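# Structural features, examined
Listed below, chain by chain, are the residues.
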2 protein chains.
Amino acid sequence: MTDTGTTSDTGGGWTAAWELLLPTAAAPPRRRGRVLQSALREAVRSGRIAAGTRLPSSRELAADLGVSRGLVTDAYEQLTAEGYLRTARGAGTWVSAIVTTVRASAPPGGQERATPGADPGSGFLPGTPDLSLFPRAAWSAAHRRALGRLPHSGLGYPDPRGLRELRVAVAGLLSRRRGVVADPERVVICSGVAQAMTMLGLTLGELGHRAVAVESPGSPEHTALLTAAGMAVVPVPLDAEGLDPGALTGSGARAAQLTPSHQFPSGIAYSARRRAELLDWARAVDGLLIEDDYDGDFRYDRAPVGALQGLDPARVAYAGSVSKSLAPGLRLGWLVVPDRLAARVVERKRTMDLGNPALDQALLAEFITRADYDRHLRRCQRAYRERRDVLVAALGERFPGTEVSGIAAGLHIIARLPRRYGPERAFLGRAARAGVGLRPLAAFAHEPARDDGRVALVMGYAHLPPARIVRAVGLLADAVVSPTSRA
Amino acid sequence: MTDTGTTSDTGGGWTAAWELLLPTAAAPPRRRGRVLQSALREAVRSGRIAAGTRLPSSRELAADLGVSRGLVTDAYEQLTAEGYLRTARGAGTWVSAIVTTVRASAPPGGQERATPGADPGSGFLPGTPDLSLFPRAAWSAAHRRALGRLPHSGLGYPDPRGLRELRVAVAGLLSRRRGVVADPERVVICSGVAQAMTMLGLTLGELGHRAVAVESPGSPEHTALLTAAGMAVVPVPLDAEGLDPGALTGSGARAAQLTPSHQFPSGIAYSARRRAELLDWARAVDGLLIEDDYDGDFRYDRAPVGALQGLDPARVAYAGSVSKSLAPGLRLGWLVVPDRLAARVVERKRTMDLGNPALDQALLAEFITRADYDRHLRRCQRAYRERRDVLVAALGERFPGTEVSGIAAGLHIIARLPRRYGPERAFLGRAARAGVGLRPLAAFAHEPARDDGRVALVMGYAHLPPARIVRAVGLLADAVVSPTSRA
């Protein structure tokens, strides 16, 4: 009964969606049972019905869908047997928390490994903010205002660079919060960091680049996107200060992708010296640094370090989005590019989609200029800081000796468990059977790392309320130290 | 005073946007005058302040912007002298209707030649629906409902294929209105026909295609997008029934782009025999027909002919959008693809943007399933039919002997004027000086057409209220037959 929170503030409206989710009545009568089962299975698997969601009673759902109650009862029984649903006598039917949802969309920004539309349940998969904090009322009000003030002509074909009001608002925001030097004319509104990477990869190709260096460990998604854009990708190792400039020099690449404010996944912040060295390198090779500032808004121990871009706007392309600050489903982000790349990048944006939706842009401009955005960030910052503290404390209690590394920032930590919990593969197997989603640090390495026998995890915590963090750490501890599992 | 309609239903909210449009106060005092002038010039030129918009009084604008009134007066005078603004003593200052706005976004779907965010003024440039008909209240209500019922998980990373509810709604819509055979699993929600063309061009490249045949005359945008996606483009001539299959056979291409329901720009509908011949060709060469159904919703003399796709879903990729039916600024469209292409197309969609914004999709699904979409189409259909009749009648009266060709459909006509109005270049020059935007048919030819000495125009009418159509035809007639212009 504790994990039904996903529908809490959608109220009664949610039930109205069943007939859309499970379009059963349209099927011929003799196939309806099968259609309902597979639609329900697919809805759970894809995360469209989130883990922990309580389903309507068979009587209610049958009425909503216009089918017989027996069909619904059969479907619930079948899917309970398959593990998609859980049933408690007299207490109803829920979507099981242990379902591994299909990853239909591999997201950008390295850290973003969440399943689409999926409630990560009791898992620590990194990459998603707490979507229940999304400011629905303020967003709705901003939509109304934005639509009210948009002239008719604003509904025509957009400027592929983005709505000027939004470019001005974003330039101000990035300058103020991140130290980005952002002339609105150099800001390109885009759908997020994934699109930014694709645009930059294609643009670099036009300019004669063949390869881009990427951080190792780093985001498999950046590698996939740059590769799809025709670039060879050269993994370059990190040291304690950031990407190793020596290795970069030998890489053959003249462009490098970085997460200097909070490296993903290691969690380090690049040192000032390393930033300067990398800029020297970029100037020397007439190259480009691609800064993915995926979670630069969240730092808990001090003011965030400014973006690398601010040090040399001619040598850094800066990408960010609202995916961590508001919601990835909005598909709104920005790319600040050096002058010499601007026209080519905009032309790529144009051929990809002609520009972002006009009204969404007007809405976000409204949201930023009225300070709703800052207000929301403050609220998230408070919540996430607490959750980080709770996770670190819970690990200390239930997994004594665990080392947490990385700066106090962002939406995830790196946790290295004491040797007695290894080997890692067995640990992850037990965690999976206990229904606790975990991602090992090794999943982000470009080549198999030297195995030191210790379990090292990338743990996302921002999407989990404190009580759930404590419970999930408890579940994990019980699973990995129980007599059967230690046999 | 008659052309101030663009802000009619935005009410007082519009004035609040001035400080965003003209961010003058941030400039150092001694540069403010210059900054204001260039911001105002740029806003007019780009269409962000639409032609016909009445500007605030210098006193009001000065107060809004926090600058001295003298600066505003100077700016108004300067821009009036430059032709961007018009001033009538005691009656205020307007944005001039004759400004040629910068074409920041070259839109898709051939017919779409409108300037971004620009009120086309008294021009007949084809490609835009009447944006003042956009159902703002219903759209706003649908946003509220969609946000209310979307579970939190719905704000996470979207499915790159599109929200299932929307794919189901679109499949139903296309099946019902256009005879498209659309399994929701084969529907890919995208940002419009431009993105569909780019995805298909890239996908065809992966499958070993080198070239795509396109209609001639046809859309320069399709050619540009397919070329940017790496395809060679082969123009193939049309005859009275559609694309010439004989010329297609010799083209070397195994894919062809078509507008069979209402060819752009010629206005013909492909004959049933030609449809069958083209499908035979596609099957014989193991090829693909790309159907751009850009305005298939609007037919005034009979029920629309069903989409080509319905005849052989395995050989036709069908693309459409809400750009003509609702507004291009929404950037929402769909592509229905044959099974064998689906996975590759979706992967391209994923690398381009990970999927369309989730809430926009939920909103459109809501809008379609509650029949708001059909209701809006009926309203537009009535308005556009009347406007077409008014334009044809006005041309008959002021340009006797004009031939209007093409079926009674869509948002534009082809008008061939009697020989006495030629030569075309001089005619267009006079029209431009009179402030009437016109696009000659020759602009859509891939090679210079044989000049028969007659003026042939592609005239968009859907965006113009009847009174404005009559006035613009009158302006045009006065301009081209006045003694000075005929000298």
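Within each chain, residue numbers correspond to sequence positions counted from 1 in written order. Here every chain gets a letter starting at A, and every ligand a number starting at 1, in the order they are written. Two thresholds apply to this predicted model, a pLDDT of at least 70 for residue-level local features and 80 or more for giving and counting side-chain atom pairs, whereas whole-chain, interface and lining totals are computed over all residues. Hydrogens and water molecules were not included; the side-chain quantities draw on all heavy atoms of the structure.

### Overview of the overall build of chain A
The cut-off we apply is this: Secondary structure counts use DSSP, requiring at least four H or I residues in a row for a helix and at least two E residues in a row for a strand, with both numbered from the N terminus. Working rule for contacts: check all heavy atoms of both residues, and any pair within 4.5 Å makes them a contact. The Shrake-Rupley method, run with a 1.4 Å probe, gives the accessible areas here. Residue values count only the displayed protein chains as cover.
In terms of helices and strands, chain A carries 15 helices and 14 strands. Look at the contacts in chain A between residues 6 or more apart in sequence, and 73% of them connect residues 24 or more apart. Accessible surface, chain A: about 17300 Å² in total, of which carbon and sulfur atoms supply 53%.

### So, the pairing of strand 8 (residues 288–292) of chain B
All names here are of chain B. Applied cut-off: Only protein chains enter the area calculation, which uses a 1.4 Å probe; residues under 20% of their type maximum are buried, those over 50% are exposed, and those in between are partly exposed. Any two strands with at least two DSSP-identified bridges between them are counted as paired. Looking down the strands as they point away from you, a crossover is right-handed if its path from the first strand over the helix to the second goes clockwise.
Of all five residues in strand 8, five are buried; the element is thus mostly enclosed. Here strand 8 shows no split at all, with Leu 288, Ile 290 and Asp 292 on one side and Leu 289 and Glu 291 on the other all buried. Both strand 7 (residues 255–258) and strand 8 contribute to a ladder of four bridges, which runs parallel. Bridge pairing in strand 8 links Gln 257 to Ile 290. Where the polypeptide runs from strand 7 across helix 10 (residues 272–284) and back to strand 8, its parallel neighbour, the crossover connection is right-handed.

### Overview of helix 5 (residues 136–149) of chain B
Put simply, the rule reads: In this scheme, a helix's expected span is set at 1.5 Å multiplied by one less than its residue total.
When the terminal C-alpha atoms of helix 5 of chain B are compared, their 20 Å separation across 14 residues agrees well with the 20 Å that a helix rising 1.5 Å per residue should span. Buried residues of helix 5 of chain B: Arg 136, Trp 139, Ser 140, Ala 141, Ala 142, His 143, Ala 146, Leu 147 and Arg 149 of chain B, and no others.

### Description of the pattern of salt bridges
For clarity, the cut-off: Whenever Lys or Arg places a side-chain nitrogen within 4 Å of a carboxyl oxygen from Asp or Glu, that contact is recorded as a salt bridge.
The final tally for this structure, using the stated rule, is 60 salt bridges over all chains. For the salt bridge of Asp 280 of chain A with Arg 283 of chain A, the shortest nitrogen-to-oxygen distance reads 3.0 Å. Remark: Arg 283 of chain A and Asp 280 of chain A occur in helix 10 (residues 272–284); sequence separation between them is three residues, near one turn of the helix. Overall, Asp 280 of chain A belongs to the partly exposed group, its relative accessible area being 46%. In this structure, the salt-bridge partner of Glu 185 of chain B is Arg 164 of chain B, at a minimum N-O distance of 2.6 Å. A residue pair is termed long-range when its members are at least 10 positions apart, and Glu 185 of chain B in the loop between helix 6 (164–178) and strand 3 (187–190) and Arg 164 of chain B in helix 6 qualify at 21 residues.

### Remarks on helix 3 (residues 58–65) of chain A
Residues and elements named next belong to chain A. Filter applied, for reference: What the arc measures is the spread of directions leading from the helix axis to the C-beta atoms.
Of all the positions in helix 3, only Ser 58, Leu 61, Ala 62 and Leu 65 are classed as buried. Projected down its long axis, helix 3 shows its buried positions confined to an angular sector of 100°, all on one face. In helix 3, the exposed residues that point more than 90 degrees away from the buried face are Arg 59 and Ala 63. Phi turns positive, to about 70°, at Gly 66, one or two residues after helix 3.

### Section: the packing of helix 14 (residues 424–433) of chain B against helix 15 (residues 466–481) of chain B
Residue and element names in this part refer to chain B. To be explicit about the condition: Axes here refer to lines fitted to C-alpha atoms; in helices the fit is confined to the stretch in contact. Angles between the N-to-C directions go from 0 to 180 degrees. Note on angle classes: values under 35 degrees are labelled roughly parallel, values over 145 roughly antiparallel, values of 65 to 115 roughly perpendicular, and the remainder oblique. Should the near helix be turned counterclockwise from the far one by less than a right angle, the crossing is left-handed, whereas a clockwise turn marks it as right-handed. Throughout, the ten residues Ala, Val, Leu, Ile, Met, Phe, Trp, Tyr, Cys and Pro are labelled nonpolar, Asp, Glu, Lys and Arg are labelled charged, and all others, Gly among them, are labelled polar.
In the contact formed by helix 14 and helix 15, the axes pass within 9 Å of each other and the chain directions differ by 120°. In terms of axis orientation, helix 14 runs oblique to helix 15. For the crossing formed where helix 14 meets helix 15, the hand is right-handed. Contact residues: Phe 427, Arg 430 and Ala 431 in helix 14; Leu 476, Ala 479 and Val 480 in helix 15. Taken together, the residues of the contact of helix 14 with helix 15 break down into five nonpolar, no polar and one charged.

### Points about the side chain of Arg 315 of chain B
All names here are of chain B. Put simply, the test is: Polar contact is defined as a pair of N or O atoms within 3.5 Å, subject to the rule that within protein one atom must be able to donate a hydrogen and the other to accept it, and that residues adjacent in sequence are counted only when both atoms are side-chain atoms.
Along the chain, Arg 315 falls in the loop between strand 8 and strand 9 (316–321). Looking at Arg 315, its side chain comes within polar contact range of the side chain of Asp 286, at 3.0 Å. With sequence-adjacent residues up to four places away left out, Arg 315 is seen in contact with Leu 279, Ala 282, Arg 283, Asp 286, Gly 287, Leu 288, Leu 289, Pro 338 and Arg 340.

### A few points about the sheet that holds strand 12 (residues 412–416) of chain B
Residues and elements named next belong to chain B. With respect to topology, four strands assemble into an open sheet ordered 11-12-14-13, the strand pairing being antiparallel. With one partner strand each, in any of the chains shown, strand 11 (403–405) and strand 13 (439–440) form the two edges of the open sheet. Direction of pairing for strand 13 relative to strand 14 (residues 456–460): antiparallel, over a ladder of two bridges. What sits directly across from Pro 440, in strand 14, is Leu 457. Sitting on the sheet, helix 13 (residues 372–398) touches strand 11, strand 12 and strand 14, and the angle it makes with strand 12 is about 10°.

### Remarks on the environment of Ala 240 of chain A
Its place among the elements puts Ala 240 of chain A in the loop between strand 5 (232–239) and strand 6 (242–243). With 26 residues separating them in the primary sequence, Ala 240 of chain A and Ser 266 of chain A have C-alpha atoms 9.5 Å apart.

### Remarks on the side chain of Ser 216 of chain B
All names here are of chain B. Here Ser 216 lies in strand 4 (residues 211–216). Looking at Ser 216, its side chain comes within polar contact range of the side chain of His 446, at 3.3 Å. Not counting chain neighbours up to four residues away, the residues in contact with Ser 216 comprise Pro 235, Val 236, Pro 237, Leu 238 and His 446.

### What about the environment of Ser 321 of chain B?
All names here are of chain B. Mapped onto the elements, Ser 321 comes out in strand 9. Placed 64 residues apart in sequence, Ser 321 and Arg 385 show a C-alpha to C-alpha distance of 20 Å. What Ser 321 contacts, discounting residues up to four positions off in sequence, is Gly 192, Val 193, Leu 332, Gly 333 and Trp 334. Within the structure, Ser 321 has its side chain in polar contact with the backbone nitrogen of Ser 323 (distance 3.0 Å).

### Overview of the confidence of the model for chain A
All names here are of chain A. Spelled out, the test is: Each residue carries a pLDDT value, the predictor's own confidence for that position, ranging from 0 to 100.
Of the residues in chain A, 86% reach a pLDDT of 70 or more, and the chain-wide mean stands at 85. Here residues 1–16 is modelled with pLDDT under 50, and outside its nearest four sequence neighbours on either side it reaches 34 contacts, counting other chains as well. In the predicted structure, residues 98–120 sits below a pLDDT of 50 and forms 89 contacts with residues beyond four places in sequence or in another chain. In the predicted assembly, ipTM is 0.76 and pTM is 0.77.

### Re the sheet that holds strand 11 (residues 403–405) of chain A
Residue and element names in this part refer to chain A. Taken together, four strands build an open sheet; the order of strands is 11-12-14-13 and the sheet is antiparallel. Of all the strands in the sheet, the pair left with one neighbour each is strand 11 and strand 13 (439–440). Bridge count between strand 12 (residues 412–416) and strand 14 (residues 456–460): five bridges; the pairing is antiparallel. The partner of Ile 414 across the bridge, within strand 14, is Val 458. Seen against the sheet, helix 13 (residues 372–398) touches strand 11, strand 12 and strand 14 and runs at an angle of roughly 10° to strand 12.

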